[in-house]
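# A structural walkthrough
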Amino acid sequence: MAGGELYMAAPTAIGLVYWGRKALDIPTRLPQWDRWLTRLWRPAIGITGLGLLVGGPVLDWLDNMFLAFVLGIGIGIGWKLRAYRPALWLAVALVPGTILLVVEMLVRPFNKNFENGPVDNIEGLAFLWLGVFLLIARNQAKAITAEVEARRAAEQEQSTLETQSETLEYEVGQRTAALARQTDELRATLAELQATQGQLIQSEKMASLGELTAGIAHEIQNPLNFVNNFADVSVELVAELAEERASPTRDHTLEAELLADLKQNLQRIAQHGGRAAGIVRGMLEHSRASTGERQPTDVNALADEYLRLAYHGLRAKAKTFNATLQPALAPGLPLVEAMPGDLGRVLLNLFTNAFYAVQKRQQTGELGYAPTVSVRTALVGDRVEIQVRDNGTGMSPEVQARIFQPFFTTKPSGEGTGLGLSLSHDIIEQGHGGTLSVESQPSQGTTFTILLPA
Amino acid sequence: MKILVVDDEPDVRLLFEQRFRREIRSGEFAFSFAYSGEEALAFLRDHPSEVVLILSDINMPGMSGLELLRHVKQDPLPPPPPLVMMLTAYGDTETHNQAMQLGANDFLTKPVDFAALKVKLHAIPSL
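## Looking at the overall build of chain B
- When helices and strands are tallied, chain B shows six helices and five strands.
- Counting from the amino terminus, chain B carries its helices and strands in the arrangement β-α-α-β-α-β-α-β-α-β-α.
- Evaluated residue by residue, chain B yields a buried proportion of 32% over its 127 residues.

Written as structure tokens, this is what we have:
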């Protein structure tokens, strides 16, 4: 770089500055330094301009020293940014050339021939060094860039995954909430259905009680009439007795007869009063919601009572209807652990159906038809059997298959709820651990059989 | 005067025997009892021309009082034909009309007013 050259060192230095700023991303990493670096073009233009205008070795020297100064700054920056490996390698790459340049510039004023000989070789080595380390720096920069890229891609992927997982979580949350809502709704519906079922059972009970009312009234009126009549006649007997005792000719035989009659009447009053009380008790038991408590129950008494109640219930509605009742109750039947109210409802239901069936058959005007409803109890092994039989219209196999289904009825609408046999079936099988079965022949009759564990 | 009382309640016998004990003692009335329609018809066959009055319940298992009434009025029984009074707890018009159509001589509702019944029985000309 002798005198009379083109003063290209300063412009080269500026070019290096701009390349370096970009390569090391100095505006972001060292913004304060960058502010100075961007102003370096001013002295560079000054030196080059003066060099072209005036020329001379001094300006040539300044020109080269400017380059050395810039390179020094480059080393400084590289060192400062040594955490970023390519910057360090850049600094390392620049060190020999810079030192060489500075030494050359410091020596030049004293030795004009310094450029020749071994110096050229050293310069060559310095360039080689520069080239090798720049290459290293570049490769490392590339590797780092690739790594950063990879990391960014990974981060992006992760963020995508996170977004997706968030979306998924949100959707799962939504779905869970929807399911919870549905569950709540179902639970509410179930509770409602259970309440409705309870009401249906209660209203079925009340409906059968309504059917019973007339029968009950009749059944109570009969014993009540006896109570009244025997009481009345007893008053007459007492009057006659008093009359007899006041008479001067007392008839002791007649007095004894009257007393015996009185005693008998009082016994009849107690007996018929008890009968009426039993009916009222049965009615209360029937209407009461089942307590679910079993108690030793006289099946015979229950069957007899409800057979009469059902009969008179129907009689109250169809006044001219008449049927033969055939109770065949096994004596000495063991008591059954049962809920008398519930079991009574089942019997009432079976009897009511039986009377309905014989009434229907009678209405066909069949000659010589004698409507008959019988109830038979028996001990079968360790079980108590109750059979309710009628010689009514009977049922086809299709109807038989469905009679225990809820809401199935063969009665005209408004006459039957379709719940009677369904509830009866539940009461016997679930409530008592027994069985309720049916046998029927169309135009012959029907038999319902209850088997209860004794 | 022979009266046949037909009712499925056995205690009716005790009641009539006590209510009419003076009449029975004096021999004014004689009561017989049947506990079903069938039994009543058998009694009528076995005791021809004895019964002057039948007092029958309507609601009985087996043959009802109305059927008994029909038999008495339609079957050829040895004369004289007995009078028939129906007694029922169901004093509705339908049953009343049916009884009257079948030729019932009277229709009384339960509970029986024995004082009124006595008056009616005394009014029947003794044979």
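## A closer look at the overall build of chain A
- When you go through chain A residue by residue, the secondary structure sums to 12 helices and seven strands.
- Going through the 454 residues of chain A one by one, you find that 30% of them count as buried.
- In chain A, 73% of the contacts between residues at least 6 apart in sequence involve partners at least 24 apart.

## Remarks on the interface of chain A and chain B
- Residue-level contacts link 17 residues of chain A with 18 residues of chain B.
- Elements with a minimum of two residues in the side of chain A that touches chain B: α7 (118-246), α8 (252-287) and β2 (324-328) of chain A.
- Ranked by the residues each element gives to the side of chain A that touches chain B, the list is headed by α7(A), at nine residues.
- Among the residues making up the side of chain A that touches chain B, the classes are represented as four nonpolar, nine polar and four charged.

## Topic: the sheet that holds strand β2 (residues 30-34) of chain B
All names here are of chain B.
- Spatial strand order, β2-β1-β3-β4-β5: five strands in an open sheet with parallel pairing. One side of each edge strand has no neighbouring strand; the edge strands of this open sheet are β2 and β5 (106-109). Ignoring which end each strand starts from, the neighbouring axes of this sheet average 20° apart.
- Across five bridges, the pairing between strand β1 (residues 2-6) and β2 is parallel. Each bridged residue has a counterpart across the sheet, and for Lys2 the counterpart in β2 is Ala30.

## As for the packing of helix α4 (residues 41-53) of chain A against helix α5 (residues 57-80) of chain A
Residues and elements named next belong to chain A.
- Remark: α4 packs on α5, axes separated minimally by 9 Å, with the N-to-C direction vectors making an angle of 155°. Classified by the interaxial angle, the pair formed by α4 and α5 is roughly antiparallel. Like other packed secondary-structure pairs, α4 and α5 cross with a definite hand, here left-handed. Residues Pro43, Ala44, Ile47, Leu50 and Gly51 of α4 form the contact with α5, whose own contacting residues are Leu59, Asp60, Leu62, Asp63 and Phe66.
- The residue inventory of the contact of α4 with α5, partitioned by class, reads seven nonpolar, one polar and two charged.

## Here we look at the pairing of strand β4 (residues 83-88) of chain B
Residues and elements named next belong to chain B.
- Counting buried positions over the six residues of β4 gives five, a clear majority of the element.
- As defined by bridge partners, strand β3 (residues 51-57) adjoins β4 across five bridges and the pair is classed as parallel. Paired with Asp57 across the strands is Leu87, a residue of β4.
- Handedness of the β3-helix α4 (residues 65-74)-β4 crossover: right-handed.
- Bridging between β4 and β5 involves four bridges; their strand directions are parallel. For Leu87, the partnering residue across the bridge sits in β5 and is Leu108.
- Handedness of the β-α-β unit built from β4, helix α5 (residues 93-101) and β5 comes out right-handed.

## Topic: the sheet that holds strand β6 (residues 435-441) of chain A
All names here are of chain A.
- On the basis of which strands lie adjacent, the open sheet formed by five strands has the order β2-β4-β5-β7-β6 and mixed pairing. Sheet topology places β2 and β6 at the edges, where each strand pairs with a single neighbour. In this sheet, neighbouring strand axes are inclined to one another by 15° on average, regardless of whether the strands run parallel or antiparallel.
- Direction of pairing for β2 relative to strand β4 (residues 372-380): parallel, over a ladder of five bridges. Residue pairing for β4: Gln326 is matched across the bridge by Ser374.
- Where helix α10 (residues 340-363) meets the sheet, it contacts β4, β5 (383-390) and β7 (445-453), and its direction lies at approximately 25° from that of β5.

## Here's the deal with the packing of α10(A) against helix α12 (residues 420-432) of chain A
Residue and element names in this part refer to chain A.
- One can describe the packing of α10 onto α12 by two numbers: an axis separation of 9 Å at closest approach and a directional angle of 140°. On the basis of their axis angle, the class for α10 and α12 is oblique. The two elements α10 and α12 cross, and the hand of that crossing is left-handed. Here Asp342, Arg345, Val346, Asn349 and Leu350 of α10 lie close against α12, whose contacting residues are Gly420, Leu421, Ser424, Ile427, Ile428 and Gly431.
- Of the residues belonging to the contact of α10 with α12, the class tally is five nonpolar, four polar and two charged.

## Here we look at the environment of B:Glu38
Residue and element names in this part refer to chain B.
- Tracing the backbone shows Glu38 in helix α3 (residues 37-46).
- Here Glu38 falls in the partly exposed class, since 15 other C-beta atoms lie within 10 Å of it.
- Setting aside residues no more than four positions away along its own chain, Glu38 makes contact with Gly62 and Met63.

## Notes on the confidence of the model for chain B
- Taken residue by residue, chain B gives an average pLDDT of 88. The fraction at 70 or more is 98%.
- With pTM at 0.51, the complex prediction returns an ipTM value of 0.85.

## A look at unusual backbone geometry
Residues and elements named next belong to chain B.
- The residue after Lys110, namely Pro111, is reached through a cis peptide bond having omega 0°.
- Relative to the helices and strands, Pro111 is located in the loop between β5 and α6 (114-123).
- For Ser49, which is not a glycine, the phi torsion comes out positive at approximately 60°.
- Relative to the helices and strands, Ser49 resides in the loop between α3 and β3.
- With 14 C-beta atoms counted inside 10 Å, the residue Ser49 sits in the partly exposed group.

## Concerning the nonpolar core
Residue and element names in this part refer to chain A.
- Among the nonpolar cores identified, the biggest contains 39 residues, and Ala303, Tyr306, Ala310, Leu347, Phe351, Ala354 and Phe355 are the most heavily contacted of them.
- Here this core takes 11 residues from α10, the largest share from any one element.
- Ignoring anything within four residues of it in the chain, the contact list for Leu347 reads Leu302, Ala303 and Tyr306.

Criteria and thresholds
- Residues numbered from 1 in each chain as written.
- Chains lettered and ligands numbered in written order.
- Predicted model: local features only at pLDDT ≥ 70, side-chain atom pairs only at ≥ 80, totals over all residues.
- Helix = DSSP H or I, 4+ residues; strand = E, 2+ residues; numbered from the N terminus.
- Buried ≥ 20, exposed ≤ 12 C-beta atoms within 10 Å, placed from the backbone.
- Contact = placed C-beta atoms within 7 Å.
- Nonpolar A, V, L, I, M, F, W, Y, C, P; charged D, E, K, R; others polar.
- Pairing = 2+ DSSP bridges.
- Axes fitted to C-alpha atoms, helices over the stretch in contact; angles between N-to-C directions.
- Parallel < 35°, antiparallel > 145°, perpendicular 65-115°, else oblique.
- Left-handed = near helix turned anticlockwise from the far one by under 90°.
- Right-handed = clockwise from strand over helix to strand, strands pointing away.
- pLDDT = per-residue confidence, 0-100.
- Core = buried A, V, L, I, M, F, W, Y, C linked by C-beta atoms within 7 Å.

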